[in-house]
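A closer look at the structure
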Amino acid sequence: MAAAYPEYVACFEASLWVFFSGEPPAGQLRFAFPERFSTGGDEINKNCYADDYLTQQQLKKTGMTLTVLLTRSHRSLMVH
């Protein structure tokens with residue numbers, strides 16, 4: 001997916017993958033954009049999102065932190 005849609009993937013093939021994912025290769029779906037939603041599958045790696053420029057840019061634009069965004073997103077899913 002990262003090769004075809006790099007704008008959807010944060011930390012793709014980041015070196016020292018152990019800091020950015022649960023197993024190689026590194027890469028998580030970006031979720032901080034209103035047109036798409038993902039919580040990174042079964043594992044969320046905060047280091048990846050903290051290091052991802054586009055995710056941080058979107059969080060700053062909305063005034064949210066990663067924790068707030070994840071909390072709101074999961075509450076919304078539980079309601080539905």
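Residues numbered from 1 in each chain as written. Predicted model: local features only at pLDDT ≥ 70, side-chain atom pairs only at ≥ 80, totals over all residues. Heavy atoms only, no water.

**Notes on the nonpolar core**
- Ala 10, Cys 11, Ala 14, Phe 20, Ala 26, Phe 31, Cys 48, Tyr 49, Leu 59, Leu 66, Leu 69 and Leu 70 form the largest nonpolar core, which has 12 residues in total.
- Among the elements that line this core, the one with the most residues is helix H3 (residues 66-79), at three residues.
- Residues within four places of Ala 10 in sequence aside, it is in contact with Gly 27, Gln 28, Arg 30, Cys 48, Tyr 49 and Asp 52. (Core = buried A, V, L, I, M, F, W, Y, C linked by side-chain atoms within 4.5 Å. Buried < 20%, exposed > 50% of the residue type's maximum accessible area, 1.4 Å probe, protein only. Helix = DSSP H or I, 4+ residues; strand = E, 2+ residues; numbered from the N terminus. Contact = heavy atoms within 4.5 Å.)

**What about unusual backbone geometry?**
- Pro 24 connects to Pro 25 through a cis peptide bond whose omega is -5°.
- One non-glycine residue, Glu 13, lies in positive phi territory at about 55°.
- Inspection of the secondary structure assignment puts Glu 13 in the loop between strand S1 (9-10) and strand S2 (28-29).
- On the basis of relative accessibility, which here comes to 54%, the residue Glu 13 falls in the exposed class.
- A positive phi angle, close to 55°, is found at Leu 16, a residue other than glycine.
- Looking at the secondary structure, you find Leu 16 in the loop between S1 and S2.

**Quick look at the pattern of salt bridges**
- Applying the stated criterion across every chain, the model contains one salt bridge.
- For Arg 30, the salt bridge is made with Asp 52, and the minimal N-O distance between the two is 2.7 Å. Remark: Asp 52 occurs in the loop between helix H1 (46-51) and helix H2 (53-62) and Arg 30 occurs in the loop between S2 and H1; sequence separation between them is 22 residues.
- The exposure class assigned to Arg 30 is buried, which follows from its relative accessible area of 8%.
- Under the relative-accessibility criterion, Asp 52 is labelled buried at 7%. (Salt bridge = Lys/Arg side-chain N within 4 Å of Asp/Glu carboxyl O.)

**Focus: the environment of Val 9**
- Residue placement: Val 9 occurs in strand S1.
- Separated by 45 residues in the primary sequence, Val 9 and Leu 54 have C-alpha atoms spaced 9.9 Å apart.
- Sequence-distant contacts of Val 9, that is, excluding residues within four places in its chain, are made with Ala 2, Gly 27, Gln 28, Leu 29 and Arg 30.

**Looking at the state of the cysteines**
- In this structure the tally under the stated criterion is one disulfide.
- Across a sulfur-sulfur distance of 2.1 Å, Cys 11 and Cys 48 are joined as a disulfide pair. With the S-S bond torsion at 120°, the cross-link from Cys 11 to Cys 48 turns out right-handed. Residue Cys 11 is located in the loop between S1 and S2, and its partner Cys 48 is located in helix H1; the two are separated by 37 residues in the primary sequence. You'll find Cys 11 and Cys 48 in the same group, each marked buried. (Disulfide = S-S within 2.5 Å.)

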